[in-house]
Amino acid sequence: SRGLGDVYKRQSELIDQNLIQAIYTLDHAIDAIPNDPTLYLRQVKLRMETALRLQRQADSAEADRHVERALAALDQANRVGLDDLALVYTRVRLLGQAARLLNQPELAQYAIQLGQELLERDPYGINSRLLVAGLLWEVGRLDAASGIYRRCLELNDKTYLAGVPRLSEDDLVLVKSRAAWP
């Protein structure tokens, strides 16, 4: 069994090395093509994956560094003039994750504030509504969250076109229960 433990440890080390190498490659790609929002989105995703892995390995200082670097990547995207809806969505999601990971409730409040702007820009986006409603629910603003969940149900009922996002069965169960609150 000791051998199997060594194999899992080595596998984990290789995954960590590959994540770091991918982030390094994206750093250079962003330097070369700073106006491509996809590069920033991928970098943020990889940094958050790395942060979560490090958090599970009890390396919270290094995990915090990756969260901060993910936020800095989104700031850099803003500085070069990128205002893509996917970047805004990712920032809201990242701030919510960072609030939990770093235990900083003020980040959740900032995420909610940005989330309201996201909803204004994406008034029919079910995923945007799910994100913001979830953040509101987490901080105990249940009335506001349930109103957004009800709107998700309305949008879901009106969505019938192929290729337009709809609620998954799991999301539908969650949304229905929270929309009915209190």
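Preceding block: the structure.
Computed from a predicted structure; not experimentally measured.

A. Representation of the layout of surface pockets. The computed volume of the second largest pocket comes to approximately 180 Å³. Together, 14 residues line the second largest pocket, and Asn78, Asp83, Leu87, Val88 and Arg91 are the ones closest to its centre. Breaking the lining of the second largest pocket down by element, the ones donating at least two residues are α3 (60-79), α4 (85-101) and α5 (105-121). Here the residues of the lining of the second largest pocket sort into eight nonpolar, one polar and five charged.

B. Broad picture of the side chain of Arg178. Note on placement: Arg178 falls in helix α8 (residues 169-179). One buried charged residue, Arg178, forms no salt bridge at all, with the nearest opposite charge on Glu138 at 6.9 Å. With residues near it in sequence (within four places) discarded, Arg178 still touches Trp137, Ser146 and Tyr149.

C. Highlighting the environment of Leu19. Note that Leu19 resides in helix α1 (residues 2-32). What makes Leu19 buried here is its relative accessible area of 9%. Considered as a pair, Leu19 and Ser177 are 158 residues apart in the sequence and their alpha carbons are 38 Å apart. When sequence neighbours within four positions are dropped, the list of residues in contact with Leu19 reads Leu46, Glu49, Thr50 and Arg53.

D. Seen up close, the pattern of salt bridges. Inspection of every chain in the model, using the stated rule, returns eight salt bridges. Arg53 is the salt-bridge partner of Asp16, the closest N and O atoms lying 2.7 Å from each other. With Asp16 in helix α1 and Arg53 in helix α2 (residues 37-56), the pair connects residues that are 37 residues apart, well separated along the chain. The salt bridge partner of Glu62 is Arg65, with a shortest N-O separation of 2.6 Å. Of this pair, Glu62 and Arg65 both sit in helix α3, three residues apart, which is roughly one turn of the helix.

E. Here's a closer look at the packing of helix α6 (residues 126-138) against helix α7 (residues 142-158). Put simply, α6 and α7 touch, their axes get as near as 8 Å, and they point 160° apart. Put simply, α6 runs roughly antiparallel to α7. Of the two elements, α6 crosses α7, and the hand of that crossing is left-handed. Contacts from Ile126, Arg129, Leu130, Val132, Ala133, Gly134, Leu136 and Trp137 in α6 reach Leu142, Ala144, Ala145, Ile148, Tyr149, Arg151, Cys152, Leu155 and Asn156 in α7. Per-class residue counts for the contact of α6 with α7 are 13 nonpolar, two polar and two charged.

So, how was this worked out
- Residues numbered from 1 in each chain as written.
- Predicted model: local features only at pLDDT ≥ 70, side-chain atom pairs only at ≥ 80, totals over all residues.
- Heavy atoms only, no water.
- 1 Å grid on protein atoms, 1.4 Å probe; cavity = no way out; pocket = protein on both sides within 12 Å on 5 of 7 lines; lining within 4 Å.
- Points joined across faces, edges and corners; volume = space filled by probe spheres on them.
- Helix = DSSP H or I, 4+ residues; strand = E, 2+ residues; numbered from the N terminus.
- Nonpolar A, V, L, I, M, F, W, Y, C, P; charged D, E, K, R; others polar.
- Buried < 20%, exposed > 50% of the residue type's maximum accessible area, 1.4 Å probe, protein only.
- Lys, Arg positive; Asp, Glu negative; His and termini not counted.
- Salt bridge = Lys/Arg side-chain N within 4 Å of Asp/Glu carboxyl O.
- Contact = heavy atoms within 4.5 Å.
- Axes fitted to C-alpha atoms, helices over the stretch in contact; angles between N-to-C directions.
- Parallel < 35°, antiparallel > 145°, perpendicular 65-115°, else oblique.
- Left-handed = near helix turned anticlockwise from the far one by under 90°.

Any functional reading would require information that these geometric values do not contain.
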